[in-house]
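Understanding the architecture of this molecule
Listed below are the residues making up each chain.
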Amino acid sequence: MAGVTGRLVRGWCPRAVRRLSLLLTSILQCLSFTFLPVAKFTQPFSSLQVPAQLHMSKTAMGASQKDFESAMNQVKLLEKDPGNEVKLKLYALYKQATEGPCSTPKPGVFDLINKAKWDAWNALGNLPKETARQNYVDLVSGLSSSSDSSSQVKPEADREQAGYETLVMTSEDGITKIMLNRPTKMNALTTQMYQEIMLALEAASKDDSTITVLTGNGSYFSSGNDLTNFTHISPDEIEEKARRGAILLRDFVGCFIDFPKPLVAAVNGPAVGISVTILRLFDLVYASDRATFHTPFSHLGQTPEGCSSYTFPKLMGPGKAAEMLIFGKKLTAAEACAQGLVTEVFPDSTFQKEVWTRLKAYSKLPRNALRISKQMIRNHEKEKLHATNAEESRILQERWLSDECMNAIMNFLSRKAKM
Ligand SMILES: CCCCC/C=C/CC(=O)SCCNC(=O)CCNC(=O)[C@H](O)C(C)(C)COP(=O)(O)OP(=O)(O)OC[C@H]1O[C@@H](n2cnc3c(N)ncnc32)[C@H](O)[C@@H]1OP(=O)(O)O
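Below, the structure is looked at part by part. Keep in mind that this is a model prediction, so the values were computed, not measured.

**Details of the environment of Thr231**
For Thr231, the location among the structural elements is in the loop between strand 4 (211-216) and helix 8 (238-258). Sequence separation between Thr231 and Leu413 is 182 residues; the distance between their C-alpha atoms is 9.3 Å. A distance of 2.8 Å separates a polar atom in the side chain of Thr231 from the backbone oxygen of Thr228.

Shown next, in the form of structure tokens:
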């Protein structure tokens, strides 16, 4: 949460454009306060205005929905970054075409990226949806023709998806792998990382892979929420940050609840906090025997999330769940397996080889059958999971404002106490 302003002005990734279409979709569906995750504004705001010619309808009929969708797909294939100005135009036209005139509240002055996006959309005034759709199609068509027959997609094998700063996303052998990539910080989850994971899941849900795998780079699976998310917040910002954090948490967990394909966690090392609780929303959890499972919520003045207040007691009984979620008992991989949280444990020395061999075999199974079976298993309790998620997020929003929570985080940051 905190540090957001700092991160907002960090570098635009030059390859972010291929994520743009997904990002735009996600903005609508998933993120209530996302920002272009790999973005930096290098131009003055005045240069972000939409040129007048974009306000003019090109044809009487306008582009069809099919043209519009095809243009959105073309955006994904652009090899060259079209630049921030064009990205904002695309964003604004997309919003106008799908939602009509901008009616959302104007973001605050320090929320630089969302404010620029809002300005671009608002600048379109009452431009009719059809015209916006046509202008979007025309703009993309201009970009595609100027990008030197570039729309070549790398071969499917081991294709690394560009545009992520905190993840490495690859697709190979019918498996999309999302790897958390902050090994020096034990893959602690920053605000940007939550957002990129949501985008990656959205992309994986639509790609042609059969199975999606989440894993960590380095010695940890993840040390959970990055505790610096809660720092550098001025007193007058804190309630708003907590509110936004709760929305982010709810949306993040919601993406796991709704993920439509078989989802596998390859837990390569210790897991802490939210990286433990969400495991119950995966279909398979394979763990190295070096992994541990730790949910020190009370130590941090916090409360369970990831739907664990519902899924853990159901899975392991209220007593064992209480040991973990209330008293912060750390489980070994073998104990987590005995409780049903982990599907299977592998020796660390052969973990990667055994897990990937197994998954490659599974990925050859009929894709639709896997997907439908997963949904049949999961659909029974989706509603309950979403309700639990909303309630847990609401309670955490309050907890984050408590002295207990703030003191615990300060202790961690000043290294007076470690879990
Ligand atoms: C939008 C908000 C959603 C919020 C959802 C809420 C989720 C709740 C949770 O996830 S609660 C769990 C929070 N996590 C923790 O409490 C873990 C804190 N970290 C530790 O206890 C330890 O770092 C460790 C046990 C994971 C590893 O200890 P070790 O001694 O092996 O290594 P270091 O402590 O030296 O760590 C190396 C560097 O990584 C930084 N780091 C590790 N984890 C976190 C973290 N969670 N948040 C922030 N930073 C983390 C650590 O500070 C070191 O950085 P440095 O080298 O710059 O000092």
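**What to know about the site of the ligand**
Taken together, 25 residues lie around the ligand, and Lys185, Ser223, Asn225, Leu227 and Arg415 are the ones closest in. Ser223 is positioned such that a nitrogen or oxygen atom in its side chain is 2.8 Å from a nitrogen atom of the ligand. The backbone of Asn225 places a nitrogen or oxygen atom 2.9 Å from an oxygen atom of the ligand. Sort the elements by how many residues they give to the shell around the ligand and helix 8 lands first, with 3 residues. The residue inventory of the shell around the ligand, partitioned by class, reads 13 nonpolar, 7 polar and 5 charged.

**Notes on the sheet that holds strand 6 (residues 271-272)**
Reading across the sheet, the 3 strands line up as 6-8-9 and stay open at both edges, with mixed pairing between neighbours. Here the strands that pair on one side only, and so sit at the sheet edges, are strand 6 and strand 9 (331-332). When strand 8 (residues 292-294) meets strand 9, the two strands line up antiparallel, connected through 2 bridges. Opposite Thr292, over in strand 9, you have Thr332 as the bridge partner.

**A look at the pairing of strand 5 (residues 263-267)**
Judged by how many residues are buried, strand 5 sits mostly within the fold: 5 of 5 residues are covered. Examined bridge by bridge, strand 4 and strand 5 share 4 bridges and lie parallel to one another. The residue of strand 5 that forms the bridge with Thr215 is Ala266. The handedness of the strand 4 to strand 5 crossover, carried by helix 8, is right-handed. Pairing analysis gives 4 bridges linking strand 5 to strand 7 (residues 284-288), with the strands arranged parallel. What sits directly across from Ala265, in strand 7, is Val285.

Conventions we followed
Residues numbered from 1 in each chain as written. Predicted model: local features only at pLDDT ≥ 70, side-chain atom pairs only at ≥ 80, totals over all residues. Heavy atoms only, no water. Helix = DSSP H or I, 4+ residues; strand = E, 2+ residues; numbered from the N terminus. Polar contact = N/O pair within 3.5 Å; in protein donor to acceptor, adjacent residues only side chain to side chain. Near = heavy atom within 4 Å. Nonpolar A, V, L, I, M, F, W, Y, C, P; charged D, E, K, R; others polar. Pairing = 2+ DSSP bridges. Buried < 20%, exposed > 50% of the residue type's maximum accessible area, 1.4 Å probe, protein only. Right-handed = clockwise from strand over helix to strand, strands pointing away.

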